[in-house]
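# A closer look at the structure
Now for the letters of each chain:
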Amino acid sequence: MEARVRYAPSPTGMQHIGGVRTALFNYLYARSVGGKFILRLEDTDQTRYGEEYVRNLYDTLGWLGIDWDEGGDKGGPFAPYVQSQRFDLYKKYALELVEKGQAYYCFCDEERLERIRKIQTMNKMAPGYDRHCRSLSPQEVKESLDAGKPFVIRLAVPLEGSTKFHDQLLGDIEWKNEDVNPDPVLLKSDGFPTYHLANIVDDHFMEITHVMRAQEWIPSTPLHVIMYKAFGWEHPEYCHLPMVMGQDGQKLSKRHGATSCNEFRNNGYLKEAIINYVAMLGCSYEDGRDMFTLEELGKLFMMEHINKAPAVFDYKKLEWFNGQYMRLKTDDELFDLTWPFIANSGLFGGCGEGEQNSPEARKSAGLLFADQTLLVPTAAQKDTLMKVMPLIRERLHFLTDAPAMVAFLFGEPVIPPAEEIVPKKLDAAKTREVLRTAKDVIAKIGGLTEEQANELFHAAAEALGVKLGDLMMPIRMAVTGSRVSPPLVGSIQILGIEASLARIDRTLAERFPG
């Protein structure tokens, strides 16, 4: 049978990195075995539902390259793939369970249910429904229905025995039925299905063969198996994925750092780094390799290579991946990736209220992310930036680093305070001497290679009796206005000898006169 897996998020928030991993693992499994990857919207929680979350789901998967075969906005043979459009189906099968004696009408009002909850809390009892309506006679049920009394439909969980299922990762799991959520609601009084009913009906009729989801869903799985048996259906294979934790061993959350894919994207991470790192969270591929394309991961993925232990999200490791993928980009690719961040930084204007590239203008044009812009570079701007791409490539950790690294090429930087320019082992007088000597060296490096130019700087440092770093740092601060910049020789040559010398003179005049 063809493998069919699904990612079925509830559009009640932005896509979390944990959800992205679930989607990715399902996608990779489908690709590894030649199966189908289905996208389904479980939108029964209408109180928290938002269209912006649906759009974010499509934007996130589209940006990452996780393409689905059926569902979402693509449709397919089992359409519709949106739960709110399938209510008649859920009601039909909830009533079928009632007819089979596997479910029952419950007429308990909220006041009674709240009273039960208080009693259970006071007596430190396990929470859950007390099964009051399970013992109603057919006549009592008919009278309540005829009277138009509001009702829900509850599953009749077996009172004895146990429920067993096999997990592809964790092996055989068995729960006593007395420990399963007692008679949960399947169909609410407003006709909306609960997650459990909709999930089981959809997975069955969409012919899902494997359910890969987070281990937090394990307590719900015995209930789902009971429902499959109640319907007389075969349940899919299960694989519960280990949780994603922070370095402190707690579930990954905002206190650890960025968690939504939007945040990573807007913070200047490359999609390749996200895919590669997330794919390796709790799963191994090929020994001796760290970096894989999405296509390679799809060929190498194996369910048995998933780890049982929780995966720890290491932001430093992700940053390393991001830097590595930066190094692999061509100059043209790197320009295309960094340009929106440079343009949106305000370096070339157009980002103020009512201006061409303001946040409002970008939003009205449908551009929602920091890696999108309305500004188009001039020929001169692009020419300068293309020259600096080879220099910044090795120093970029994030795409957001680019604006600060190139700003000195497009405007006079603010001269830092003298105390920031003076190296720790030098004083103001020696720093003045360094900058004056630097002028002589800079005047000679116009047509030299970086190696040749660095030899001149080495010689100058030796003659002054200072370390090379103590010579270069004041020059860097004077020319670029920052301690962090692209390689200095290349920066000076792109900026121009004359402009570089003028900045040295200005720094001497304003910070080291005399």
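Attention here is on the structure that accompanies the text. None of these values were measured; they are calculated from a predicted model.

## Here we look at the overall build of the protein chain
- Looking only at helices and strands, the protein chain features 21 helices and twelve strands.
- A compact globule built from 514 residues should have a C-alpha radius of gyration of about 24 Å, whereas the protein chain, at 31 Å, is more than 25% larger.
- Referenced to the eigenvectors of the C-alpha coordinate spread, the extents of the protein chain come out at roughly 105 × 50 × 50 Å.
- Across the 514 residues in the protein chain, those meeting the buried criterion constitute 50%.
- Once local pairs closer than 6 in sequence are excluded, the contacts in the protein chain between residues at least 24 apart make up 74%.
- As presented, the protein chain carries roughly 24,300 Å² of accessible surface, and 51% of it is formed by carbon and sulfur atoms.

## Considering helix α17 (residues 428-442)
- In this model α17 runs 21 Å from its N-terminal to its C-terminal C-alpha over 15 residues, within 8% of the 21 Å that 1.5 Å per residue would give.
- Considered for burial, the residues of α17 that qualify are Thr 431, Val 434, Leu 435, Ala 438, Val 441 and Ile 442. Projected down its long axis, α17 shows its buried positions confined to an angular sector of 115°, all on one face.
- Buried positions along α17 lie against α16 (418-421), α18 (450-464), α19 (468-480), α20 (488-495) and α21 (497-511).
- N-cap assignment for α17: the residue whose side-chain oxygen lies 3.3 Å from the backbone N of Ala 429 is Asp 427.

## Focus: helix α2 (residues 51-64)
- Taking 1.5 Å of rise per residue, the 14 residues of α2 would be expected to cover 20 Å, and the 20 Å separating its terminal C-alpha atoms lies within 8% of that figure.
- Among the residues making up α2, those that are buried are Val 54, Asn 56, Leu 57, Tyr 58, Asp 59, Thr 60, Leu 61, Trp 63 and Leu 64.
- Structurally, α2 contributes buried residues whose contacts are with β1 (4-7), α1 (17-33), β2 (36-39), α8 (261-266), α9 (271-279) and α10 (294-300).
- Immediately downstream of α2, the backbone of Gly 65 shows phi near 85°, a positive value.

## Describing the sheet that holds strand β4 (residues 103-106)
- The three strands are arranged β4-β5-β8 in an open sheet whose pairing can be described as antiparallel. Taken across any chain shown, the strands that pair with only one partner, and hence form the sheet edges, are β4 and β8 (185-187). Strand after strand, the sheet turns through a mean of 45° between neighbouring axes, direction not considered.
- In this sheet, strand β5 (residues 152-155) lies alongside β4 in antiparallel orientation, the contact comprising four bridges. When the sheet's bridge partners are listed, Ala 103 is paired in β5 with Leu 155.

## A short note on the nonpolar core
- With 108 residues, the main nonpolar core has Ile 306, Phe 313, Leu 471 and Ile 475 as its most contacted residues.
- When residues in this core are grouped by element, the largest group, nine residues, is from α1.
- Setting aside anything within four residues of it in sequence, one finds Ile 475 in contact with Leu 435, Ala 438, Ile 442, Phe 457, Leu 488, Ile 492 and Ile 504.
- Ranked by size, the runner-up nonpolar core spans 37 residues in total, among them Leu 97, Ala 103, Ile 200 and Val 211.

## Details of the pairing of strand β10 (residues 237-241)
- Where burial is concerned, most of β10 is hidden: four out of the five residues are buried.
- Of the pairings in the sheet, the one linking strand β9 (residues 210-214) to β10 comprises five bridges and is parallel in character. Paired with Val 211 across the bridge in β10 is Tyr 238.
- In this view, the connection linking β9 to its parallel neighbour β10 by way of helix α7 (residues 221-231) has right-handed handedness.

## As for the environment of Ser 485
- The residue Ser 485 is located in the loop between α19 and α20 in this model.
- Look at Ser 485 and you get buried, because its relative accessible area is 1%.
- A sequence separation of 80 residues divides Ser 485 from Met 405, and the C-alpha atoms of the two residues are 5.2 Å apart.
- Not counting chain neighbours up to four residues away, the residues in contact with Ser 485 comprise Arg 395, Arg 476 and Thr 480.
- A distance of 2.6 Å separates the side chain of Ser 485 from the side chain of Arg 476, its partner in a polar contact.

## Side note on unusual backbone geometry
- Of the consecutive residues Ala 79 and Pro 80, the connecting peptide bond is found in the cis state with omega at 0°.
- Looking at where Pro 80 falls in the secondary structure, it is placed in the loop between β3 (70-71) and α3 (87-100).
- One non-glycine residue, Lys 124, adopts positive backbone phi at about 50°.

The rules behind these values
Residues numbered from 1 in each chain as written. Predicted model: local features only at pLDDT ≥ 70, side-chain atom pairs only at ≥ 80, totals over all residues. Heavy atoms only, no water. Helix = DSSP H or I, 4+ residues; strand = E, 2+ residues; numbered from the N terminus. Rg over C-alpha atoms; globule rule 2.2 N^0.38 Å. Buried < 20%, exposed > 50% of the residue type's maximum accessible area, 1.4 Å probe, protein only. Contact = heavy atoms within 4.5 Å. Areas by Shrake-Rupley, 256 points an atom, 1.4 Å probe, with all protein chains shown as cover. Expected span 1.5 Å × (residues − 1). Arc of directions from axis to C-beta. Polar contact = N/O pair within 3.5 Å; in protein donor to acceptor, adjacent residues only side chain to side chain. Pairing = 2+ DSSP bridges. Axes fitted to C-alpha atoms, helices over the stretch in contact; angles between N-to-C directions. Core = buried A, V, L, I, M, F, W, Y, C linked by side-chain atoms within 4.5 Å. Right-handed = clockwise from strand over helix to strand, strands pointing away.

Function cannot be inferred from these measures alone, as they are strictly geometric.
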